[in-house]
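The chain contents come next:
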Amino acid sequence: MAGITNAAFRVVCRDVQGDEQGTEQGDVRGGVHGDARRDAREGARGGAHGDDHGDVQHAAASHPGWGVPGPRVPGVVDAAGLYVCEMITTRALVERNVKTMRMIRFAPGESPRSIQLYGVDPDTVGRAVKMIVDEDLADHIDLNFGCPVPKVTRRGGGSALPYKRNLLRRILRNAVANAGALPVTIKMRTGIDDDHLTYLDAGRIAQEEGVAAVALHARTARQHYGGTADWSHIARLKETVTQIPVLGNGDIWCADDAMRMVAQTGCDGVVVGRGCLGRPWLFRDLRNAFNGSAERARPALGEVAEVMIRHLEALVGTLGSERSAVVDFRKHVGWYLKGFTVGAELRRELTSVESVDEFRRVTNNLDQGQPWPPNTDTPRGKSGERSKVLLPEGWLDDPDDGVVSEESDVSGG
């Protein structure tokens, strides 16, 4: 998630999760043990204990990061989980763009270090992967074929690219060939729109080219973040791609949603993006769920305020400027406070402070003991569909032509 899953957010997610193996970030993905997946299915049929939402016993993960306990993505996901950095353009990486090089910096102790790449040129992707390996920049590489934003799809990248099957194969082949021992995974959508679904072919190609795991956001590019994710596509992909883990993504707002997804689709784990906005403790819930525990984080408003301050302080170090951190954090305030009773004037103060000390002072005016609000495991962040997907001219004429578009030199979604 561009502008969200930087080192500061990854550190907070790790710390709140209570992980002892380092600090990491945001799109988290993970797997499920066979027994846990079976328990999840039984839970969906009423055979597992749980709350009214069906507290099925199994595993999940997320995309600012990946993973919590469960079936592992070989060489990537262990019990510590995996958090992935913001999307990096391969051209910007090989050209050593200053902003991009800053974005791939990891906090001390982050492990495994995971970089997500976006590219449309097989040669450039290969060079970027080789650079990561040669310079020891990361421990895992994720290739983004799911981004639906116009500035990406109009160049044939993100969720537009899998339509070009031969181009996709060349990119994956170059990436895997240059990755050495580093695992390469991909994230994708179901297709461009309902008339141009691509995920089954893309999954087969990924498996054939040696990709370690595939993650599917069960929406089309045209859906953007609107409507409801169709989890049945995840089930179909799992039936089609049988030799590597399949991870599901879309509408995971709490750990119980993840449990239901695994139960319904048989996927090996889940990817979480928007679900962790203002909810870094979601990853602790996911780990508990994977381990068969019904315990869920329900922090009071005072505890939430403490996490907000830690996040803001971490942003100062990541961005190198208190002013920049305070401004950047403003978008997080509403996500953290969602569902709590906080007056409009106090919210305005929290989004207009000029320093960390001032933010800390204003949070003292919050009702520290206000309990966790019910019914807040609902959509956060972007929403809404697009009337159309912006594509390069003639992009849909031939899915096999292997055309290469000009790649952006600016990182971020």
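Here we summarise the structure given alongside this text. (Residues numbered from 1 in each chain as written. Predicted model: local features only at pLDDT ≥ 70, side-chain atom pairs only at ≥ 80, totals over all residues. Heavy atoms only, no water.)

1. Some details on the nonpolar core
Side chains that are nonpolar tend, in soluble globular proteins, to be buried together.
Moving on, step 1. By size, the foremost hydrophobic cluster in this structure holds 78 residues, and its most contacted members are Ile115, Leu117 and Leu143.
Moving on, step 2. With six residues, the single largest contributor to this core is helix 7 (residues 165–179).
Moving on, step 3. Beyond its immediate chain neighbours, meaning those up to four positions away, leucine 117 contacts Ile88, Thr90, Leu93, Ala128, Val129, Ile132, Ile141, Asp142, Leu143 and Asn144.
Moving on, step 4. In terms of nonpolar packing, the next biggest core, distinct from the first, is built from 29 residues, Leu301, Leu312, Val353 and Leu366 among them. (Core = buried A, V, L, I, M, F, W, Y, C linked by side-chain atoms within 4.5 Å. Buried < 20%, exposed > 50% of the residue type's maximum accessible area, 1.4 Å probe, protein only. Helix = DSSP H or I, 4+ residues; strand = E, 2+ residues; numbered from the N terminus. Contact = heavy atoms within 4.5 Å.)

2. Looking at the packing of aromatic side chains
Moving on, step 1. In this structure the tally under the stated criterion is six aromatic pairs.
Moving on, step 2. Ring centres 6.4 Å apart and planes at 55° place the aromatic pair tryptophan 281 and tyrosine 336 in the tilted group. Here the residue tryptophan 281 occupies a position in the loop between strand 10 (269–272) and helix 11 (282–290), and tyrosine 336 occupies one in helix 13 (residues 322–337), the gap between them amounting to 55 residues. Like tryptophan 281, the residue tyrosine 336 is buried in the burial classification.
Moving on, step 3. Aromatic pair phenylalanine 329 and phenylalanine 359: ring centres 5.4 Å apart, planes at 90°, arrangement edge-to-face. On the criterion of sequence distance, the pair formed by phenylalanine 329 in helix 13 and phenylalanine 359 in helix 15 (residues 356–363) is long-range, its members being 30 residues apart.
Moving on, step 4. Members of the aromatic cluster, each reached through a chain of ring pairs, are Trp281, Phe329, Tyr336, Phe340, Phe359 and Trp372.
Moving on, step 5. Looking at lysine 164, its charged tip hangs above the ring of tryptophan 395, at a distance of 4.9 Å from the centre.
Moving on, step 6. Sitting over the ring of tyrosine 225, arginine 189 keeps its end group 5.0 Å from the ring centre. (Phe/Tyr/Trp six-rings, centres within 6.5 Å; stacked < 30°, edge-to-face > 60°. Lys NZ or Arg CZ within 6 Å of the ring centre and 35° of its normal.)

3. Side note on the pattern of salt bridges
Moving on, step 1. Applying the stated criterion across every chain yields a total of 25 salt bridges.
Moving on, step 2. Put simply, glutamate 208 and arginine 169 hold a salt bridge, and the shortest N to O gap is 2.9 Å. Remark: arginine 169 occurs in helix 7 and glutamate 208 occurs in helix 8 (residues 199–208); sequence separation between them is 39 residues.
Moving on, step 3. Taking the shortest distance from any N to any O, the salt bridge between arginine 330 and glutamate 354 comes out at 3.9 Å. Here the residue arginine 330 occupies a position in helix 13, and glutamate 354 occupies one in the loop between helix 14 (344–350) and helix 15, the gap between them amounting to 24 residues.
Moving on, step 4. Exposure remark for arginine 330: the relative accessible area of 25% places this residue in the partly exposed category.
Moving on, step 5. Judged by its relative accessible area of 43%, glutamate 354 falls in the partly exposed class.
Moving on, step 6. Among the charged side chains, a network of salt bridges with common partners joins Arg165, Asp201, Arg204 and Asp400. (Salt bridge = Lys/Arg side-chain N within 4 Å of Asp/Glu carboxyl O.)

4. Some words on the pairing of strand 9 (residues 246–249)
Moving on, step 1. Across the two faces of strand 9 the burial is the same, with Val246 and Gly248 and Leu247 and Asn249 all buried.
Moving on, step 2. When strand 8 (residues 213–220) meets strand 9, the two strands line up parallel, connected through four bridges. Bridged to alanine 215 within strand 9 is leucine 247. (Pairing = 2+ DSSP bridges.)

5. A short note on the environment of proline 371
Moving on, step 1. Along the chain, the position of proline 371 falls in the segment after helix 15.
Moving on, step 2. For proline 371, a relative accessible area of 56% translates into the label exposed.
Moving on, step 3. Along the primary structure proline 371 and phenylalanine 340 are separated by 31 residues, whereas in three dimensions their C-alpha atoms are 8.3 Å apart.
Moving on, step 4. With near-sequence residues (within four places) excluded, proline 371 lies in contact with Ala300 and Phe340.

6. Some thoughts on helix 1 (residues 7–17)
Moving on, step 1. Within helix 1, ten of the eleven residues are buried, leaving the element largely enclosed by the surrounding structure.
Moving on, step 2. Of all the residues in helix 1, the buried ones are Ala7, Ala8, Phe9, Arg10, Val11, Val12, Cys13, Arg14, Val16 and Gln17.
Moving on, step 3. If you follow the buried residues of helix 1, they end up packed against strand 4 (82–89), helix 11, helix 12 (301–319) and helix 13.
Moving on, step 4. Backbone geometry just downstream of helix 1 places glycine 18 in the positive-phi region, at approximately 85°.

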